[in-house]
Amino acid sequence: WTAFSTALIGLLCARFALGFGRSISESGERGMLADLANQAPELRGRGLSIQQAISAIGLTIGAPVGGLAVEMYGIRAAFLCVTFAAIGTLLIYATLPETLPSKNIKDKKNS
């Protein structure tokens, strides 16, 4: 939607929606890491640092790739790259297993 916006208000709404989706996925990431850290507390620091490093690498690579896409294909190409990355992330997240132990899930359903 962002790449095809023809007015500033449409662009702002699309970017707001993208930010909202990112905030949801980031909180899910943190929850999953917390669940995994409880299963292996000795790996908590390593897991969090790997997640943060991957996020930083993505930001570092994203800017030059986006700039190259803009130079080669125009401004809308950068937004299309973000759209495809978001769709890919959604597909990956949809296939991740539940990390909360089943005992905790039952407890939450009963309360």
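Before reading on, note that the structure itself is shown above.
For the structure given in this document, a descriptive report is provided here.

The rules behind these values
- Residues numbered from 1 in each chain as written.
- Predicted model: local features only at pLDDT ≥ 70, side-chain atom pairs only at ≥ 80, totals over all residues.
- Heavy atoms only, no water.
- Patch = residues over 30% accessible without salt bridge, like charges linked within 9 Å, V, L, I, M, F, W, Y side chains within 5 Å.
- Areas by Shrake-Rupley, 256 points an atom, 1.4 Å probe, with all protein chains shown as cover.
- Salt bridge = Lys/Arg side-chain N within 4 Å of Asp/Glu carboxyl O.
- Helix = DSSP H or I, 4+ residues; strand = E, 2+ residues; numbered from the N terminus.
- Buried < 20%, exposed > 50% of the residue type's maximum accessible area, 1.4 Å probe, protein only.
- Expected span 1.5 Å × (residues − 1).
- Contact = heavy atoms within 4.5 Å.
- Axes fitted to C-alpha atoms, helices over the stretch in contact; angles between N-to-C directions.
- Parallel < 35°, antiparallel > 145°, perpendicular 65-115°, else oblique.
- Left-handed = near helix turned anticlockwise from the far one by under 90°.
- Nonpolar A, V, L, I, M, F, W, Y, C, P; charged D, E, K, R; others polar.

Some details on a nonpolar patch on the surface
For step 1, the next point in the chain: Residues Phe16, Phe20 and Ile24 make up a contiguous nonpolar surface patch of about 360 Å² in total accessible area.
For step 2, the next point in the chain: Within the secondary structure, Phe20 sits in helix α1 (residues 8–39).

Topic: the pattern of salt bridges
For step 1, the next point in the chain: What the rule picks out here adds up to 4 salt bridges.
For step 2, the next point in the chain: Among the salt bridges present, the one from Glu26 reaches Arg22, with a minimum N-O distance of 3.5 Å. Highlighted residues: Glu26 and Arg22, both in helix α1, separated by 4 residues, approximately one helical turn.
For step 3, the next point in the chain: For Arg22, the salt bridge identified is with Glu29, shortest N-O distance 3.1 Å.
For step 4, the next point in the chain: For Glu29, a relative accessible area of 15% gives the class buried.
For step 5, the next point in the chain: Members of the salt-bridge network, linked through shared partners, are Arg22, Glu26, Glu29 and Arg30.

A word on α1
For step 1, the next point in the chain: Given a rise of 1.5 Å per residue, 32 residues ought to cover 46 Å, and the 47 Å separating the end C-alpha atoms of α1 matches this to within 8%.
For step 2, the next point in the chain: In this structure, the buried side of α1 is in contact with α2 (44–73) and α3 (75–95).

A closer look at the environment of Ser25
For step 1, the next point in the chain: Within the secondary structure layout, Ser25 lies in helix α1.
For step 2, the next point in the chain: The buried category is assigned to Ser25, whose relative accessible area is 14%.
For step 3, the next point in the chain: Taking the C-alpha atoms as reference points, Ser25 and Thr89, separated by 64 residues in sequence, lie 9.0 Å from one another.

Observations regarding the packing of α2 against α3
For step 1, the next point in the chain: Where α2 meets α3, the axes come as close as 6 Å, and the angle between the chain directions of the two elements is 140°. Taken together, α2 and α3 sit at an angle that is classed as oblique. Crossing hand, α2 versus α3: right-handed. Each of Gly66, Ala69, Val70 and Tyr73 in α2 lies in contact with α3, whose residues at this interface are Ile75, Ala77, Ala78 and Cys81.
For step 2, the next point in the chain: Here the contact of α2 with α3 is composed, by residue class, of 7 nonpolar, 1 polar and no charged.

Shape descriptors only; they carry no functional weight alone.
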